[in-house]
Amino acid sequence: MTTPEPPLRAPDHVSPPADHADKARTALQRIADLRAWLFLAFLILAFELWSRASFGGTFLFNPFNIQSIAIFAVAPLLLATGQTFVIISGGIDLSMGFIMGLAAVVAAHVINWATPGMGLPLAVLFGALVAIAVAAVPGMVNGLLVSRLKVPPFIGTLGMFGVARGVAFLLAGGTTVPVQNSFFAALGNGRFYGVPWIVIVTAVFVLLMHYLLSQTRFGQHNYAIGANVQAASRAGIDIKSHLLRLYILSGVCAGLAGFLYAARFSAGAAQAGEPLLLDSVAAVVIGGASLFGGSGTILGTVAGAFVIAVIQYGLVFINVAPFWQFISVGIVIIISVLIDQAQRRFSGGRQSE
Amino acid sequence: MTPLLEVRHLSKAFGPVQALRDLSMKVHAGEVVALAGDNGAGKTTLIKAISGVYRPTSGEVLLRGEPVQFNSPQEAREKGIETIYQDLALADNLTIGANIFLGREPMRRAMGFLPVLDRRRMAEAAKATMALLDFHVNRLDAPVSNFSGGQRQAVAIGRAVYWNAQILIMDEPTAALGVPEQRKVISLIHQLKAQGRGVIFISHNLQDIFAVSDRIVVLRRGVQAGERRIAETSHDEVVKLMIGG
Ligand SMILES: Nc1ncnc2c1ncn2[C@@H]1O[C@H](COP(=O)(O)OP(=O)(O)OP(=O)(O)O)[C@@H](O)[C@H]1O
Ligand SMILES: [Mg+2]
């Protein structure tokens with residue numbers, strides 16, 4: 001591709017001086033973008049102080065706590081990374097929870113089937129590939145519904161939520177599917193220098209997704225589509241193929257989450273991701289994405305997922321009745337949305353006349 | 001001299017509605033041609049037929065003397081005909097540079113192997129291009145939603161300029177703007193003219209038209225009601241052509 005240099009020619013007409021975008025406004029946007037991390041730091045500090053005051057022990061510097069929170073955050077975070085892409089594009093993927101369950105069941109079956117013939121590690125690898133490939137199928141159907149048939153994402157993925165759920169339960173025969181493969185169990189519960197393997201796998205994957213969103217054309221086009229589909233399409237971006245790949249990606253994230261779930265529990269369960277879907281949307285919103293599309297980051301979502309995990313684990317840690325988790329996570333979601341709306345009114349009001 | 005763009009006997013019908021009938025016009029390099037006419041006169045239809053949005057029912061479009069046929073706005077853009085849409089075809093959440101390069105982003109290799117977006121190059125090109133339009137920006141990392149309407153119009157024009165559009169078509173570029181912003185867009189059109197590009201712009205504002213055009217083509221119910229050199233006509237005459245009689 002050749003990039004034409006702009007012809008160099010001194011302008012010979014003097015226009016009124018151009019004024020500049022407001023610096024203070026840009027700075028404020030930056031701070032607002034970091035709000036999830038600030039909030040996470042505040043939460044951890046609060047639990048730390050509480051823990052010292054009431055048990056005289058530390059919350060944060062206890063490796064067991066950190067590990068538990070990280071393991072706890074794995075599945076919601078994986079779902080939330082895919083959801084981040086979808087939400088930035090202006091859509092939503094409601095089917096992720098049951099795609100995760102479907103992948104967990106498929107992984108369990110495939111590994112059980114393949115272990116005698118292939119040996120332990122190879123069977124696990126094969127199970128991972130099949131589970132993720134199977135998870136990509138409902139993702140692809142979502143993508144086709146949204147891109148070709150112009151079905152609103154909320155409805156299309158809601159339909160797929162039902163289909164994936166039904167298929168997962170059918171495949172599981174209505175119960176959980178235990179796995180007999182010690183390598184798989186070691187992957188799910190083992191550690192590498194004290195860090196659980198599933199946390200390492202998740203961290204690497206999330207890093208890749210961060211790269212994809214922030215450094216590639218795919219990511220850039222995703223933001224553009226979320227802000228202004230018409231503009232993106234006029235700029236020559238193939239919207240249909242982008243959306244198709246987007247929902248496949250989202251399915252793949254759910255597939256990986258399902259595979260790691262099955263590893264952790266040495267079993268596949270259709271309802272593995274059922275309670276996690278809303279947590280994943282919440283993590284994205286807390287992380288600073290707007291449900292109107294066009295904004296959000298993977299790093300913000302990581303903070304959002306940890307905010308939820310820390311609240312849930314921390315409240316158990318300080319012996320608060322578990323129902324308070326729902327209330328506090330709910331309040332955090334509402335506050336995040338309010339901040340997002342205030343921010344929009346403040347910075348982006350002009351284009352929505 | 002061959003005109004940059006020539007339209008010959010162009011007609012466009014939407015079913016029974018004859019939106020454009022036997023219209024001919026020319027645009028030379030470095031020339032600004034205004035399209036005027038009452039609502040529904042066929043101005044938008046004309047530019048859409050030129051820029052590949054509509055297929056003309058009959059007639060032809062010539063680019064530097066060569067007959068051309070565009071099946072999509074993309075094809076017209078590849079030949080250097082860029083349309084600046086009134087509703088601002090920008091992604092508001094992206095920077096000026098990212099908007100200029102939207103859909104054809106430059107990449108570089110980080111650490112020698114990892115392909116990543118070349119944001120610095122986008123920012124530098126943005127700065128150079130906007131300076132060419134006499135529009136000096138410092139906040140190259142700010143999303144374009146932070147800029148005013150006229151500035152955003154300038155970004156859309158800057159994108160066309162960067163990709164070397166020789167003909168810029170603008171449908172009511174000043175309609176949604178306040179007075180100072182309108183002036184800015186008018187001065188941008190002056191810049192484009194000075195750079196030897198051809199400009200077609202639609203406006204309902206005679207003051208704008210007289211401030212910047214070389215010629216005016218007046219449409220009435222899909223036919224050309226008249227064509228005048230700006231230096232040789234007056235507001236009154238143009239209004240008479242527009243309303244007929
Ligand atoms: N896609 C379409 N289908 C059917 N009729 C159309 C279509 N587009 C335009 N027309 C008709 O063609 C005629 C010319 O419309 P056009 O939009 O070109 O006018 P215009 O000069 O741009 O008007 P305005 O100043 O209001 O923008 C009108 O009668 C309009 O109703
Ligand atoms: Mg019009």
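One numbering rule holds for all chains: residues counted from 1, following each sequence as written. By the order in which they are written, chains take letters starting at A while ligands take numbers starting at 1. Where totals are concerned, whole chains, interfaces and linings use all residues; where local detail is concerned, this predicted model gives features only for residues with pLDDT of at least 70, and gives and counts side-chain atom pairs only at 80 or more.

**A look at the overall build of chain A**
Thinking step 1. Secondary structure follows DSSP: runs of H or I at least 4 residues long count as helices, runs of E at least 2 residues long count as strands, and numbering of each begins at the N terminus. When helices and strands are counted, chain A shows 14 helices and four strands.
Thinking step 2. Of all 353 residues assigned to chain A, the portion counted as buried reaches 49%. We call a residue exposed when 12 or fewer other C-beta atoms sit within 10 Å of its C-beta, buried when the count reaches 20 or more, and partly exposed for counts in between; the C-beta positions come from the backbone.

**Overview of the overall build of chain B**
Thinking step 1. When helices and strands are tallied, chain B shows eight helices and 12 strands.
Thinking step 2. When we talk radius of gyration, it's over C-alpha atoms, and the globule rule is simply 2.2 Å times the number of residues to the 0.38. On C-alpha atoms alone, chain B measures out to a radius of gyration of 19 Å, which is about the 18 Å that the 2.2 N^0.38 rule sets for 245 residues.
Thinking step 3. Its C-alpha atoms put chain B at 70 × 35 × 35 Å along the principal axes.
Thinking step 4. Here chain B holds 245 residues, and 49% of them are scored as buried.
Thinking step 5. With C-beta atoms placed from the backbone, a contact is any residue pair whose C-beta atoms sit within 7 Å. Taking contacts inside chain B between residues at least 6 apart in sequence as the whole, the part at least 24 apart equals 67%.

**Digging into the site of ligand 1**
All names here are of chain B.
Thinking step 1. We call a residue near a molecule or strand when its C-beta atom, built from the backbone, sits within 6 Å of it. The full set of residues close to ligand 1 is Phe14, Val17, Ala19, Gly37, Asn39, Gly40, Ala41, Gly42, Lys43, Thr44 and Thr45.
Thinking step 2. Elements represented by at least two residues in the shell around ligand 1 include exactly β2 (17-27) and α1 (43-50).
Thinking step 3. Counting residues per element, the shell around ligand 1 draws most heavily on α1, which supplies three residues.
Thinking step 4. Three classes are used, and their members are as follows: Ala, Val, Leu, Ile, Met, Phe, Trp, Tyr, Cys and Pro are nonpolar, Asp, Glu, Lys and Arg are charged, and the others, Gly among them, are polar. Residues belonging to the shell around ligand 1 are distributed by class as follows: four nonpolar, six polar and one charged.

**Observations concerning the nonpolar core**
Thinking step 1. Core analysis: the biggest nonpolar cluster contains 180 residues, and A:Leu79, A:Met100, A:Leu102, A:Ala103, A:Ala107, A:Ala131 and A:Val307 have the highest contact counts within it.
Thinking step 2. Sort the elements by how many residues they give to this core and helix α11 (residues 239-265) of chain A lands first, with 15 residues.
Thinking step 3. Source of the domain bounds: an automatic or database domain assignment. Both domain 1 (1-80 + 166-245) and domain 2 (94-164) of chain B contribute no fewer than three residues apiece to this core.
Thinking step 4. Here A:Met100 is in contact with A:Leu79, A:Ala254, A:Ala257, A:Gly258, A:Tyr261, A:Ala272 and A:Gly273, once residues within four sequence places are set aside. Buried Ala, Val, Leu, Ile, Met, Phe, Trp, Tyr and Cys residues form a nonpolar core when they are connected through C-beta atoms within 7 Å.

**Points about the domain arrangement of chain B**
Residue and element names in this part refer to chain B.
Thinking step 1. The domain boundaries assigned to chain B delineate domain 1 (1-80 + 166-245) and domain 2 (94-164).
Thinking step 2. One C-alpha centre belongs to domain 1, the other to domain 2, and the line joining them spans 28 Å.
Thinking step 3. Listed per partner, the contact involves 10 residues of domain 1 and 10 residues of domain 2.
Thinking step 4. Here the element with the most residues in the side of domain 1 that touches domain 2 is helix α6 (residues 179-194); it accounts for five residues.
Thinking step 5. Looking at the side of domain 1 that touches domain 2 residue by residue, the class counts come to six nonpolar, two polar and two charged.

**Quick notes on the sheet that holds strand β1 (residues 5-14) of chain B**
All names here are of chain B.
Thinking step 1. The strand order across the open sheet built from four strands is β2-β1-β4-β5, with neighbouring strands paired in antiparallel fashion. Where the open sheet ends on each side, the last strands, each with one partner, are β2 and β5 (66-68). In this sheet, neighbouring strand axes are inclined to one another by 30 degrees on average, regardless of whether the strands run parallel or antiparallel.
Thinking step 2. The convention used is that axes are lines fitted to C-alpha atoms, helices contributing only their stretch in contact, and that angles between N-to-C directions extend from 0 to 180 degrees. Sitting on the sheet, α1 is in contact with β1, β2 and β4 (58-63), with an inclination near 65 degrees to β2. At least two DSSP bridges between two strands are required for those strands to pair.

**Things to note about helix α7 (residues 182-189) of chain A**
Residue and element names in this part refer to chain A.
Thinking step 1. Of the residues making up α7, those classed as buried are Phe184, Leu187 and Gly188. Along the long axis of α7, the arc covered by the buried residues comes to 95 degrees, so they all point the same way.
Thinking step 2. Contacts from the buried residues of α7 go to α4 (96-118), α5 (120-147), α8 (197-215) and α11. Think of the arc as the fan of directions from the helix axis to the C-beta atoms.

**Quick look at the pairing of strand β8 (residues 114-117) of chain B**
When a strand is regular, its side chains alternate between the sheet's two faces.
Residues and elements named next belong to chain B.
Thinking step 1. Where strand β7 (residues 107-110) meets β8, four bridges bridge the pair, whose relative direction is antiparallel. Counterpart to alanine 110 in the pairing with β8 is leucine 114.
Thinking step 2. Taking the residues that link successive antiparallel strands as the turn, the β7-β8 hairpin has three residues, and the phi of methionine 111 there is positive, at about 50 degrees.

**Overview of the packing of helix α3 (residues 63-88) of chain A against α8(A)**
Residues and elements named next belong to chain A.
Thinking step 1. Running from N to C, α3 and α8 point in directions that differ by 20 degrees, and their axes come no closer than 10 Å. Viewed along their axes, α3 and α8 adopt a mutual orientation that is roughly parallel. As α3 runs across α8, the sense of the crossing is left-handed. In contact with Ala70, Ile71, Val74, Leu77, Leu78, Thr81 and Phe85 of α3, α8 contributes Ile198, Val199, Thr202, Phe205, Val206, Met209 and Leu213. Should an angle fall under 35 degrees it is called roughly parallel, over 145 degrees roughly antiparallel, and 65 to 115 degrees roughly perpendicular, with every other angle called oblique. Crossing handedness follows the turn of the near helix against the far one: under a right angle anticlockwise gives a left-handed crossing, and clockwise gives a right-handed one.

**Re the sheet that holds strand β10 (residues 198-202) of chain B**
Residues and elements named next belong to chain B.
Thinking step 1. Pairing within the open sheet is mixed, and its six strands lie in the order β6-β9-β10-β3-β11-β12. Where the open sheet ends on each side, the last strands, each with one partner, are β6 (81-84) and β12 (223-229). In this sheet, adjacent strand axes meet at a mean angle of 20 degrees when their direction is disregarded.
Thinking step 2. Sheet topology places strand β9 (residues 167-171) next to β10; five bridges connect them, and they run parallel. The partner of isoleucine 169 across the bridge, within β10, is isoleucine 200.
Thinking step 3. Strands β3 (32-37), β9 and β10 of the sheet are contacted by α6, whose axis makes an angle of about 150 degrees with β10.

**Brief notes about unusual backbone geometry**
All names here are of chain B.
Thinking step 1. Unusually for a residue other than glycine, histidine 9 sits at a positive phi of about 50 degrees.
Thinking step 2. Structurally, the position occupied by histidine 9 is in strand β1.
Thinking step 3. Accessibility expressed as a C-beta count within 10 Å gives 12 for histidine 9, which makes it exposed.
Thinking step 4. Look at glutamate 172: it is not a glycine, yet its phi comes out positive at around 45 degrees.

**Digging into the environment of B:Leu241**
Residues and elements named next belong to chain B.
Thinking step 1. With respect to the helices and strands, leucine 241 occurs in helix α8 (residues 235-243).
Thinking step 2. Residue classification places leucine 241 among the buried residues on the basis of 22 C-beta atoms within 10 Å.
Thinking step 3. Considered as a pair, leucine 241 and valine 217 are 24 residues apart in the sequence and their alpha carbons are 9.7 Å apart.
Thinking step 4. For leucine 241, the residues in contact, after removing those within four places along its chain, are Val218, Ala225 and Gly226.

**A short note on the pairing of β2(B)**
Residues and elements named next belong to chain B.
Thinking step 1. Sheet topology places β1 next to β2; seven bridges connect them, and they run antiparallel. Bridging across to β2, leucine 5 finds its partner in valine 27.
Thinking step 2. The turn joining β1 and β2, which pair antiparallel and follow one another in sequence, is formed by two residues; a positive phi near 55 degrees is taken by glycine 15.

**A short note on α8(A)**
All names here are of chain A.
Thinking step 1. Taking 1.5 Å as the rise per residue, α8 with 19 residues should run 27 Å; its terminal C-alpha atoms sit 27 Å apart, in good agreement.
Thinking step 2. Of the positions making up α8, those classed as buried are Ile198, Thr202, Val206, Met209 and Leu213. Down the axis, α8 shows its buried residues gathered within 60 degrees of arc, on one side only. Of the exposed residues in α8, those oriented more than 90 degrees away from the buried face are Val204, Leu207 and Leu208.
Thinking step 3. Packing partners of the buried residues in α8 comprise α3, α7, β3 (195-196), α9 (217-227), α11 and α13 (298-317). The span one expects for a helix is its residue count, reduced by one, times 1.5 Å.

**Comments concerning the confidence of the model for chain A**
Residues and elements named next belong to chain A.
Thinking step 1. In the predicted model, chain A carries a mean pLDDT of 87, and 90% of its residues have values of at least 70.
Thinking step 2. Confidence per residue, as judged by the predictor, is encoded in pLDDT with a range of 0 to 100. Within chain A, helix α1 (residues 23-33) has the poorest average pLDDT of any element, 68, and α11 the best, 97.
Thinking step 3. Throughout residues 1-21 the model reports pLDDT below 50, and contacts reaching past four residues in sequence, or to other chains, amount to 40 contacts.
Thinking step 4. Here residues 349-353 scores under 50 on pLDDT; set against residues more than four positions off or in separate chains, the count is two contacts.

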